[in-house]
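# Descriptive analysis of the structure
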Amino acid sequence: MNAITKPKFLYSKGFDTFKNFLFTLPAVSIFTIFYILPFYFIFNLSMHEWNGISPTMTFVGLENFAELMGDEIWWKSMWNAAYITLIALTLQNMVAFALALACDRDIRMKKFYRVVFFIPPVLSEVVVGLIWRWILEAGKQGGEYYGLLNYYLHKIGLVSLVNDWLSDPETALSCIAVVHCWKGFGWGFIMLLAGLQTIDKQLYEAARVDGANSWQTFKNVTVPMMVPVILVVVILTVLGSMQVFVLVMSMVGQGLVYHTDVPVLRILSAMDGTKRFGYACAMGVNFGLILIMVSVFFKIISNRMKQA
Amino acid sequence: MKTINRIFCLCLCLLVTAGLLSSCAQKEEDPNTVVMWHWLTDRQSVLQELADRYKDETGITVKMELFAPTAYSQRIIASAQAKVLPDIYGILDKKQTFASFIDSGYVAELTEEFEKDNGAWEKSLFEKAINVNRFEEGNVYDVKPGIYGVPVDVTNTQMLYNKKLLAKAGIAKAPETMDEFLVAIEALKRVGISGLVSGWGESWMAGAFASNYAFNIMGEEKIMATYKGDVPYTDPDWIKVFRVFQRLSQAGAFIEGIVTKPNKFAEQDFALERAAFAYNGSWCVNVYHNMNPDLEYGVMLPPAVESDYPMLIWGGAGTSFVVNASSEKKQKAIDFLKWFTEKEQQAYFSKETRNLPANKEALASIPEVLEDFAKMMDRTTHPTIWKYNEDHVVSEKFEKGLQSIIIGEKTPEQVAQEVQEAKERVMKRQAR
Amino acid sequence: MIDKYQSIKTIKGIFIHTFLMSVALTCLLPLLWMVRCSLMTNRAIFTDKSLIPHEIHFANYLEAWSKGNFGAYFLNSVIYTTCVVFGIVIISSLAAYAFSRLKFPGRNFFFYMFVAAMMIPLPGSFVPLFVLMNKLGLINTRFGYVLCMINVGLSMSILLLKTFFDKMPKDLEDAARIDGCGRLGIWWNVALPLARPAIAVIVIFNSLNVWNEYILAQLLLTNNSLMPLQRGIMHFAETNSVDYHLLMAGLTIAALPIVGIYLLMQKHIIKGLSSGAVVG
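Residues numbered from 1 in each chain as written. Chains lettered and ligands numbered in written order. Predicted model: local features only at pLDDT ≥ 70, side-chain atom pairs only at ≥ 80, totals over all residues.

Moving on, we get to the overall build of chain C. Broken down by element type, chain C carries 13 helices and 0 strands. When the elements of chain C are put in sequence order from the N terminus, they spell out α-α-α-α-α-α-α-α-α-α-α-α-α. Its C-alpha radius of gyration of 24 Å places chain C more than 25% over the 19 Å reference for a compact globule of 280 residues. Oriented by its inertia axes, the alpha-carbon framework of chain C measures out at about 75 × 70 × 35 Å. A buried classification covers 51% of the 280 residues belonging to chain C. (Helix = DSSP H or I, 4+ residues; strand = E, 2+ residues; numbered from the N terminus. Rg over C-alpha atoms; globule rule 2.2 N^0.38 Å. Buried ≥ 20, exposed ≤ 12 C-beta atoms within 10 Å, placed from the backbone.)

On to the interface of chain C and chain A. Taken together, the contacts link 71 residues of chain C with 63 residues of chain A. Put simply, the parts of the chain that give the side of chain C that touches chain A at least two residues each are helix H1 (2-38), helix H4 (70-101), helix H5 (107-117), helix H6 (126-135), helix H7 (142-167), helix H10 (196-212) and helix H13 (244-271) of chain C. Counted by class, the side of chain C that touches chain A contains 57 nonpolar, 10 polar and 4 charged residues. (Contact = placed C-beta atoms within 7 Å. Nonpolar A, V, L, I, M, F, W, Y, C, P; charged D, E, K, R; others polar.)

This paragraph deals with the nonpolar core. Ile176, Phe189, Ile190 and Leu192 of chain A together with Val201 of chain C are the most contacted members of the largest nonpolar core, which totals 308 residues. With near-sequence residues (within four places) excluded, Val201 of chain C lies in contact with Ile190, Met191 and Ala194 of chain A together with Leu160 and Ile269 of chain C. (Core = buried A, V, L, I, M, F, W, Y, C linked by C-beta atoms within 7 Å.)

All right, on to the pairing of strand E10 (residues 313-323) of chain B then. Residue and element names in this part refer to chain B. Burial analysis of E10 places 11 of its 11 residues in the buried class, the great majority of the element. Alignment of strand E3 (residues 88-89) against E10, held across 2 bridges, turns out to be antiparallel. When the bridges of E10 are listed, Tyr89 appears paired with Val322. As judged from the 6 bridges shared by strand E6 (residues 150-162) and E10, these two strands associate in the antiparallel manner. Counted as the bridge partner of Thr155 is Gly316 from E10. Pairing between E10 and strand E12 (residues 380-381): 2 bridges, direction parallel. Bridge pairing links Trp314 to Thr381 in E12. (Pairing = 2+ DSSP bridges.)

Further remarks concern the domain arrangement of chain C. Residue and element names in this part refer to chain C. The assigned domain composition of chain C is domain 1 (2-38) and domain 2 (67-271). Here the C-alpha centre of domain 2 lies 33 Å away from the C-alpha centre of domain 1. Of the residues in the side of domain 1 that touches domain 2, the class split is 3 nonpolar, 1 polar and no charged. (Domains from an automatic or database assignment.)

All names here are of chain B. Along helix H4 (residues 95-103), the positions that sit buried rather than exposed are Lys95, Phe98, Ala99, Ser100, Phe101 and Ile102. Those residues of H4 that are buried are in contact with helix H3 (69-81). Immediately beyond the C-terminal end of H4, within one or two residues, lies Gly105, with a positive phi of roughly 80°.

All names here are of chain C. Its place among the elements puts Leu75 in helix H4. Given 13 C-beta atoms within 10 Å, Leu75 falls into the partly exposed group. Once the C-alpha coordinates of Leu75 and Tyr244 are considered, the two residues, 169 residues apart in sequence, prove to be 24 Å apart.

In structure tokens form, the structure reads like this:
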């Protein structure tokens, strides 16, 4: 570097590797303090019985986990979240991908669309809950439905479809899932759009020269190039949908029997309601492990897709 | 390259020093400042005004710190763990939690203060409100008997009826029995008006409504025996309670979607005259006034189904505050709460917030409807003054069961069976 | 031939536009509804059914601003958002670049640890976090809150950035290395500009996150003077009696800066590779 001679080890291979590691040091240190330590606490707590207040707690080993295995309501809430996630993965991401593809092309007003599609994520949950309740409300006043959906169904003569949307076990969860998708597709949209933008335009050129039609180009150029970004979007969708709860609360309060319960609400109920912090932490750990397994599963699939 | 390095290092150094500086700037303890944490979002300005008056009178500053109601419980529990509770705070939770706070030494006992001067302080407040903060001799929580908190307002939860809509359906007076109520519902249906609205998306409200009927059907003793575990939920009397919901649901007495309605929406519905009856707490007077000042309504008890036992309603202290046992400014904190519950301050507090005051003498100048609420204070009861309380898991099952009955998913017998199973599981766990 | 081709193209265009338009409408209407309500009186919101309000009350905005004490909170939120977003972009891009390009033992372990950390829901960790922050003396400090929020957004940002770094061609970096650029130089001069679309996404994601956050703020901050903007919103939303007109006015005010950030950032999402890949 300059005239002053530095100690020799500064040039050694080991120090070089260490310098590589230094790049991650800020992230790793923040992470250790704010995540690993609390996580250790949670994990430790999951093996105790504790009411959150008293200075002492009782060690119970894996009993909380054993109890959790037989907790039907917990697993029911898992299924509910999985259902929302499934709809989000298919409906939400397909819409997002279609919109991103459309906005990646040279079409008119694409600037307008790019801005408008991001409105739902920006809106506060309060507004979203208010608006959708206002749409899905079931009651009648003076012989007229005041929920917008029922009002219009009635107007166009589809009286048989008029429903008490949020209090019917058959439709409540689906309504929540659809609203969740509506709120979330903007994220998929911008991430996929950002991904599409980094694809080298020459690849499309080359495909066209080879005589590929637009479907073939999409299948052979766009999708393979997009696999990593799609994986990220999928993982984030899974995360966002499995952990949904504010939306559920703003739409159906504390829930319709157990038909709309989701895992985070169960955790909060165990913590704030029953005051069993250990059990709540066991739920959190169990939930985390399942999500990690799901993510690994998607990672394996995407590796296969890349090889194919 | 080097410039980048330098800029980067500079940024990091700045961040670190800023952090160090801010963490060094620890707050200094002022002996004349009492800190109070509360969650009463809509009463912050009134509380601040009172604190200002107190400072003028005594020179003691009361620092009001407001936290979101949704975050308050978490905040209190976390602060207790870190031993940084303020001088005055509230415990927004069940009696069991209150007892744990006392057990862990976070709450000062106030019995002596209440009993001073022949119990002057105690006598000035509603007894029902004080009882919420009292632990009786031989209570199940093993807490030393005494009073541990100060009520600053009272509430109760009753039924309301819309005078205009009832007149429209040709009903002369508010129904008193279930049969009269069902006749009224029929009449309302004929003119296309919905019956009862309430925020049963917040499940405690449905639970409280059921509890009213439990008192009416079987009386307090049997309810306590159930909570203790001596009487099963499959008892015919409890099935009668569940049947009330089935009967009301089958008669079409509930507004559509009642089971998932958050209370805010239920309040809207009643204020906009979409339903003739509502079940709501006394805070609603303020809410309805803001949404529709012209609304004409009256207060009534839930219509009784039997006559052996009286119909009781939920009520008692709306808001209570406790004093931190390890605070160095304990006496100053108590003095402030004492001043706060004096007649003059209570009258002001009640007038500004349209809530019922905890001080009996301050009842003089409140709106008429609110006065009707106040009359029913003798009929109030609340889980916080019961000898036994139900476990949260069981009451959740109970409340969800009520929803199942209302939407016609399950019969009263099925629900009773399920609640009983949950109860047995909890008792088995607690025995361990 | 040309006519037929043209008409197919037109039909296709119409089809695409109908699709886009219908989705756009569902997104726009709630926004318009929010703005509409913010301009009415509380009573009119429940009685006036028309789309355009009969009377327009711009004064609601002033009232919401002063009643919610937005002045101070707004500044706090700006400080928090800038610090957190800046911190996250620097820290996560450094880490993601290392995970993607540099070699060191435990590279994959650390990376997967970050990803796994996203999966544990936050509510369970409030009590331990508070106790920890208290021990570090970071309760009720701006710095503590900023650090916590950086931690919240870090995992997702690293995951996204690493994905984009992995996709990027290596030739430019090789060229820079031959020109005598060090690791830090390549990161700053080559990798960051190339990843601009991803960074734009991260900026949007994290600003929205910090701007709308208030549970953690309520937990870690005590002083009113340190609270972020959502505290002002809480004044209108979490009360027994909601003033919907003020709530909507407050929410509209709160949404504006985020829309602004999005408008600024979405340009970078689009620019991408095609224009000005190498800066500096």
